[in-house]
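# An overview of the molecular structure
Residue strings, one per chain:
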Amino acid sequence: MEGILIRERYKVVRVLWCAGSYAAVEAVDIQERETPSFLINLYEGELLHRYGEIYQRMQDCPAFCGMFLEAGTMAAIFHLPGPGEPIDELFYRGDEWSWEARLNAASRVMHLALTMASLPPEVGCAALQSDNLLLDPVEGAANARFLIRPMAEMTPRELALTAGDQLKKLLPRRWSSCDRQIGLLDRLELGEFPSIVPMYAWWRGEEELMREELEILAKKNFVSRFFILLWKNMKRAFRAGCRRTWQ
């Protein structure tokens with residue numbers, strides 16, 4: 001597919017995804033002097049009409065450049081995302097990011113998710129998938145790649161659940177987790193938010209309190225911090241044991 005022209009204007013330089021009636025490509029606009037690059041989603045067959053209706057509902061998305069139909073294929077064009085690496089390549093079991101970096105990244109991800117509240121859920125949920133969620137902790141950036149693979153019918157609640165899954169990676173349960181963080185993760189497990197808007201409002205309050213608690217803990221010397229965390233983890237283990245007993 002590389003090298004072909006779409007609508008005699010967009011030259012494909014790289015295939016990003018191809019499966020069934022869907023493909024995503026990176027292409028350059030040969031009619032522009034500076035030949036800017038774009039991400040183009042291509043839909044055919046039964047996906048054509050379904051995603052045509054979905055993209056017609058697009059609003060408040062600066063990355064979206066428009067859509068067109070040609071020779072039985074629908075193309076939806078997006079600007080390429082800003083810098084960053086997929087979240088799973090940066091935050092994983094055993095990584096060594098500081099709590100400040102984790103909390104700052106979580107804040108940026110939640111803000112990014114909020115900007116997708118007005119998008120069709122099929123678009124927002126796809127853009128927040130792990131390979132599309134790009135983070136740059138050093139520069140303080142979180143960007144979405146709008147490679148919109150076909151998904152089952154989505155709802156606003158699915159966007160909140162997807163954002164919650166990403167938060168769990170940034171703020172995992174660890175020995176050093178504070179009580180506010182554990183409480184946040186417990187509520188995320190319930191998946192009770194109907195959409196990203198109330199979830200974001202709740203997050204803002206939790207983030208501030210969590211930051212305060214972690215700052216207090218960080219100011220303790222090593223020995224004091226160790227025994228505080230030991231006591232907290234013992235209490236959590238005891239409560240967990242009691243819950244299993246009563247279940």
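Residues numbered from 1 in each chain as written. Predicted model: local features only at pLDDT ≥ 70, side-chain atom pairs only at ≥ 80, totals over all residues. Heavy atoms only, no water.

## So, the environment of leucine 230
- Among the structural elements, leucine 230 can be located in helix H8 (residues 222-246).
- Note: C-alpha distance between leucine 230 and serine 176 (54 residues apart in sequence) is 9.2 Å. (Helix = DSSP H or I, 4+ residues; strand = E, 2+ residues; numbered from the N terminus.)

## What to know about the pattern of salt bridges
- Tallied over the entire structure, the rule returns 15 salt bridges.
- Across the pair arginine 14 and glutamate 26 runs a salt bridge whose closest N-O atoms are separated by 2.9 Å. Here glutamate 26 lies in strand S3 (residues 22-29) and arginine 14 lies in strand S2 (residues 10-19), a separation of twelve residues in the sequence.
- Put simply, arginine 174 and aspartate 95 hold a salt bridge, and the shortest N to O gap is 3.4 Å. Of this pair, arginine 174 sits in the loop between helix H5 (156-170) and helix H6 (179-190) while aspartate 95 sits in the loop between helix H2 (87-90) and helix H3 (99-114), and the two are 79 residues apart along the sequence.
- Taking relative accessible area as the criterion, arginine 174 reaches 28% and is therefore assigned partly exposed.
- Through salt bridges that share partners, Arg9, Asp29 and Glu32 make up one connected network. (Salt bridge = Lys/Arg side-chain N within 4 Å of Asp/Glu carboxyl O. Buried < 20%, exposed > 50% of the residue type's maximum accessible area, 1.4 Å probe, protein only.)

## Regarding the pairing of S2
- Across two bridges, strand S1 (residues 5-6) lies against S2 in antiparallel orientation. Pairing of isoleucine 6 across the sheet is with tyrosine 10, part of S2.
- The hairpin formed by S1 and S2 contains three residues between the paired strands, and arginine 7 there has a positive phi angle of roughly 60°.
- Here eight bridges tie S2 to S3, and the two strands are oriented antiparallel to one another. Bridge pairing in S3 links lysine 11 to valine 28.
- The antiparallel hairpin formed by S2 and S3 contains two residues in its connecting segment, where glycine 20 sits at a positive phi of about 60°. (Pairing = 2+ DSSP bridges.)

## As for the side chain of aspartate 29
- With respect to the element layout, aspartate 29 can be found in strand S3.
- Residues contacting aspartate 29, with those up to four places away along its chain left out, are Arg9, Tyr10, Thr35, Pro36 and Phe38. (Contact = heavy atoms within 4.5 Å.)

## A short note on the confidence of the model for the protein chain
- On average, the protein chain scores 88 in pLDDT, and the residues at 70 or more come to 90%.
- Mean pLDDT across the elements of the protein chain bottoms out in H8 (62) and peaks in helix H4 (residues 121-127) (97). (pLDDT = per-residue confidence, 0-100.)

## Remarks on unusual backbone geometry
- For arginine 7, which is not a glycine, the phi torsion comes out positive at approximately 60°.
- On the secondary structure map, arginine 7 appears in the loop between S1 and S2.
- Unusually for a residue other than glycine, aspartate 60 sits at a positive phi of about 55°.
- Inspection of the secondary structure assignment puts aspartate 60 in the loop between helix H1 (46-56) and strand S5 (64-70).

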